[in-house]
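Read off the chains here:
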Amino acid sequence: MNDSADAITVKVYGGPGSPQGHAIRDFLYRMDVPFEWIEEGNRRLPVCVFPDGVRMENPTIRQITEKLGWFHDPLQSEYDVAIYGAGPAGLSAAVYGASEGLKTVVIERSALGGQAGSSPKIENYLGFPGGISGAELAERARDQATRFGAEILLAREGVRGEFSAGKRVGYLADGTKIVARAIVCATGVEYHHLPVPDEERFRGAGLYYGAGASEASLCGGAHVVVVGGGNSAGQAAFQFSRFARRVTMVVRGESLKSTLSAYLCDRIASARNIEVRTNTEVTGLEGDGCLEAVTLTSRVTGQTETIRTRWLFVCIGGTPHTEWAFEAGVARDSAGYLVTGPDLQHDGRPPDGWVLDRPPYYLETNVPGLFAAGDVRHGSVKRFASAVGEGAMAVTFVHRYLADG
Ligand SMILES: Cc1cc2nc3c(=O)[nH]c(=O)nc-3n(C[C@H](O)[C@H](O)[C@H](O)COP(=O)(O)OP(=O)(O)OC[C@H]3O[C@@H](n4cnc5c(N)ncnc54)[C@H](O)[C@@H]3O)c2cc1C
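Residues numbered from 1 in each chain as written. Predicted model: local features only at pLDDT ≥ 70, side-chain atom pairs only at ≥ 80, totals over all residues. Heavy atoms only, no water.

A. Molecular detail of the overall build of the protein chain. When its secondary structure is counted, the protein chain shows 10 helices and 21 strands. Taking 22 Å as the expected radius of gyration for a compact globule of 405 residues, we find that the protein chain reaches 22 Å, a close match to that expectation. For the protein chain, the C-alpha atoms occupy an extent of roughly 60 × 55 × 40 Å along the three principal directions. Accessible surface for the protein chain amounts to roughly 17900 Å². Of this, 48% is attributable to carbon and sulfur atoms. Here the protein chain contributes 40 positive and 47 negative side-chain charges, whose respective centroids are spaced 3 Å apart. (Helix = DSSP H or I, 4+ residues; strand = E, 2+ residues; numbered from the N terminus. Rg over C-alpha atoms; globule rule 2.2 N^0.38 Å. Areas by Shrake-Rupley, 256 points an atom, 1.4 Å probe, with all protein chains shown as cover. Lys, Arg positive; Asp, Glu negative; His and termini not counted. Charge placed at Lys NZ, Arg CZ, Asp CG, Glu CD.)

This is how it looks when you write it as structure tokens:
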């Protein structure tokens, strides 16, 4: 993430299927920190050894962030704009906000890049014909945003908001208070969990959410199972097929064609070691500590089959991170997405409780000065480029809102 980090190779020692080990690998991968994973069969909890010799037993993400020198307190007592979430939408808002002279802070509960940070290769983003990894794109955006003066607070989670005239106060999980004149909520979505018994027991211990770009090279010679029929599942299957002996894609629908981009459909069809099981669901997980096998059930015949595997990647979409909004009176749709702009109006009338003479701006919620951008927004296009576009657009509306006085 910075020049000193470029030289860092963190050694991470851990046991196979360790959820803590996976969380650390995922974080380091997304933050572009070179690391070496050294698997030790009998080690229960992971240990990180840093180049200066410091050894940390089972560190939290916050402790690693601190060790790498990236954890800090807010530098200002008040900001023009506070952005929650450092995925593509939040990072884009940070670049535009800071470059246009706004005192800008970004609060991210985990690593940079959001969902895209786990994407091994984004191939449809303008200007990158050969594709680019989500982690690299996020790192470039971070560099750009901080050069313009944006502050990024990592490993901090926004949990509550208080919105009064002219002041937007966000409370973080560790008690830190962030005061800002406007807010951009770019908190994206949380993956849906696989609805099978014991899901929680295997989470991080063989069952992973997202494309698992940090894990791909560890699956050498293995049989990998990917659940989902959308682009993220397709990308994951293709990425794993380069390392794994065999990849099984488990798809509930009848075909991939309606849910997957044509280019990915073609690649999957031409990969010799990917098999696609349509009309099929994962119905069981087995293992002693770590995942050892999954049961697949045909939705047509009811027939079951057990696949022995240590690697199950689930990419079945998600729901938005907006629990805080309910408490703060921010309008959400029935699925929890934040409703903005024209979608708030009924028969041309502004939403209940709206006190301004103007209608809400396009990305503005029913709370003036609180904007939503990217996947968290009702009706958003779930694409990297759209999230980047909305982040930039949100900043334009922040300027207008601040100019309104
Ligand atoms: C595996 C995968 C591959 C994909 N590939 C492509 C592709 O090739 N092309 C494409 O166009 N799209 C792709 N997508 C979709 C694209 O990544 C998303 O549309 C995009 O990331 C949405 O960006 P966002 O900033 O709105 O949200 P997110 O990327 O979800 O980022 C939200 C961020 O907010 C943080 N956050 C959440 N709650 C809080 C809180 N309370 N406080 C602080 N921070 C919080 C999260 O940790 C996260 O970092 C892919 C998605 C996945 C999962």
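And the narrative resumes.
B. Structural context of the pattern of salt bridges. For the coordinates displayed, the defined rule picks out 28 salt bridges. Residue R62 pairs with E66 through a salt bridge whose shortest N-O separation is 3.3 Å. Here E66 and R62 lie together in helix α3 (residues 61-67), a separation of 4 residues that amounts to about one turn. By relative accessible area, which is 33% here, R62 ends up partly exposed. Since its relative accessible area comes to 40%, E66 is described here as partly exposed. The partner of D73 in a salt bridge is R156, and the shortest N-O contact between them spans 2.8 Å. Of this pair, D73 sits in the loop between α3 and β5 (79-84) while R156 sits in the loop between β7 (151-153) and β8 (158-164), and the two are 83 residues apart along the sequence. One network of salt bridges, in which partners are shared, links R62, E66, D73, R156 and D174. (Salt bridge = Lys/Arg side-chain N within 4 Å of Asp/Glu carboxyl O. Buried < 20%, exposed > 50% of the residue type's maximum accessible area, 1.4 Å probe, protein only.)

C. Structural view of the sheet that holds strand β16 (residues 280-286). Taking strand neighbours across the sheet as the criterion, the 3 strands line up as β16-β17-β18 in an open arrangement whose pairing is antiparallel. With one partner strand each, in any of the chains shown, β16 and β18 (304-308) form the two edges of the open sheet. Each neighbouring strand pair of the sheet contributes to a mean axis angle of 30°, computed without reference to strand direction. Examined bridge by bridge, β16 and strand β17 (residues 293-298) share 6 bridges and lie antiparallel to one another. By the bridge assignment, G284 is partnered in β17 with T295. (Pairing = 2+ DSSP bridges. Axes fitted to C-alpha atoms, helices over the stretch in contact; angles between N-to-C directions.)

D. Region of interest: the sheet that holds strand β15 (residues 274-277). Across the sheet, 5 strands lie side by side as β12-β19-β13-β14-β15; this open sheet has parallel pairing. Both outer strands of the open sheet, β12 (207-209) and β15, are each paired with one neighbouring strand and no more. On average, each strand axis in the sheet is tilted by 20° relative to the strand beside it, whichever way the strands run. Bridge count between β12 and strand β19 (residues 311-314): 3 bridges; the pairing is parallel. Considered in β19, the bridge of Y208 is made with F313.

E. Representation of helix α10 (residues 384-404) in the model. Given a rise of 1.5 Å per residue, 21 residues ought to cover 30 Å, and the 31 Å separating the end C-alpha atoms of α10 matches this to within 8%. Buried residues of α10: F384, A387, V388, E390, G391, A392, A394, V395, F397, V398, Y401 and L402, and no others. Turning to α10, the residues buried within the fold contact β5, α4 (88-99), α5 (134-147), β9 (167-172), β10 (177-185) and β21 (370-372). (Expected span 1.5 Å × (residues − 1). Contact = heavy atoms within 4.5 Å.)

F. Spotlight on the nonpolar core. L28, M31, I64, L112, V184 and V398 are the most contacted members of the largest nonpolar core, which totals 47 residues. For this core, the elements supplying multiple residues, two or more each, are β1 (10-14), α2 (19-30), β5, α4, α5, β10 and α10. If you look at the next biggest cluster of nonpolar residues, it comprises 25 residues, including A211, A233, L264 and W311. (Core = buried A, V, L, I, M, F, W, Y, C linked by side-chain atoms within 4.5 Å.)

G. Summary view of the packing of α4 against α5. At a minimum axis distance of 9 Å, the contact between α4 and α5 shows a crossing angle of 20°. As far as their axial angle goes, α5 and α4 are roughly parallel. For the element pair α4 and α5, the recorded crossing hand is left-handed. Where α4 abuts α5, its residues L91, A94, V95 and A98 lie against A138, A141, R142, Q144 and A145. For the contact of α4 with α5, a count of residues per class yields 7 nonpolar, 1 polar and 1 charged. (Parallel < 35°, antiparallel > 145°, perpendicular 65-115°, else oblique. Left-handed = near helix turned anticlockwise from the far one by under 90°. Nonpolar A, V, L, I, M, F, W, Y, C, P; charged D, E, K, R; others polar.)

H. Highlighting the environment of T9. In this fold, T9 is placed in the loop between α1 (3-6) and β1. Classification of T9 by relative accessible area gives partly exposed; the value is 37%. Residues T9 and L218 lie 209 residues apart in sequence; the distance between their C-alpha atoms is 17 Å. Discounting chain neighbours no more than four positions away, the residues touching T9 are P34, F35, E36, V49 and P51.

I. Up close: the packing of α4 against α10. Contact geometry of α4 with α10 gives a least axis separation of 7 Å together with a crossing angle of 35°. Between α4 and α10 lies a crossing of right-handed hand. Residue-level inspection shows P88, A89, S92, A93, Y96 and G97 of α4 in contact with α10, the latter providing F384, A387, V388, G391, A392 and V395.

J. Representation of the site of the ligand within the structure. The ligand sits among 34 residues. The nearest are E108, N124, G158, Q235 and D375. At 2.9 Å from an oxygen atom of the ligand is found a main-chain nitrogen or oxygen belonging to A89. Here an oxygen atom of the ligand and a backbone polar atom of D375 are 2.8 Å apart. In isolation the ligand offers 1000 Å² of accessible surface; the protein chains occlude 94% of this area. (Near = heavy atom within 4 Å. Polar contact = N/O pair within 3.5 Å; in protein donor to acceptor, adjacent residues only side chain to side chain.)

K. Broad picture of the state of the cysteines. Applying the stated rule across the entire model yields 0 disulfides. Take C48: it sits in no disulfide, and the sulfur closest to it among the cysteines is that of C290, at 18 Å. No disulfide involves C315; its nearest neighbouring cysteine sulfur is the one of C219, lying 12 Å away. (Disulfide = S-S within 2.5 Å.)

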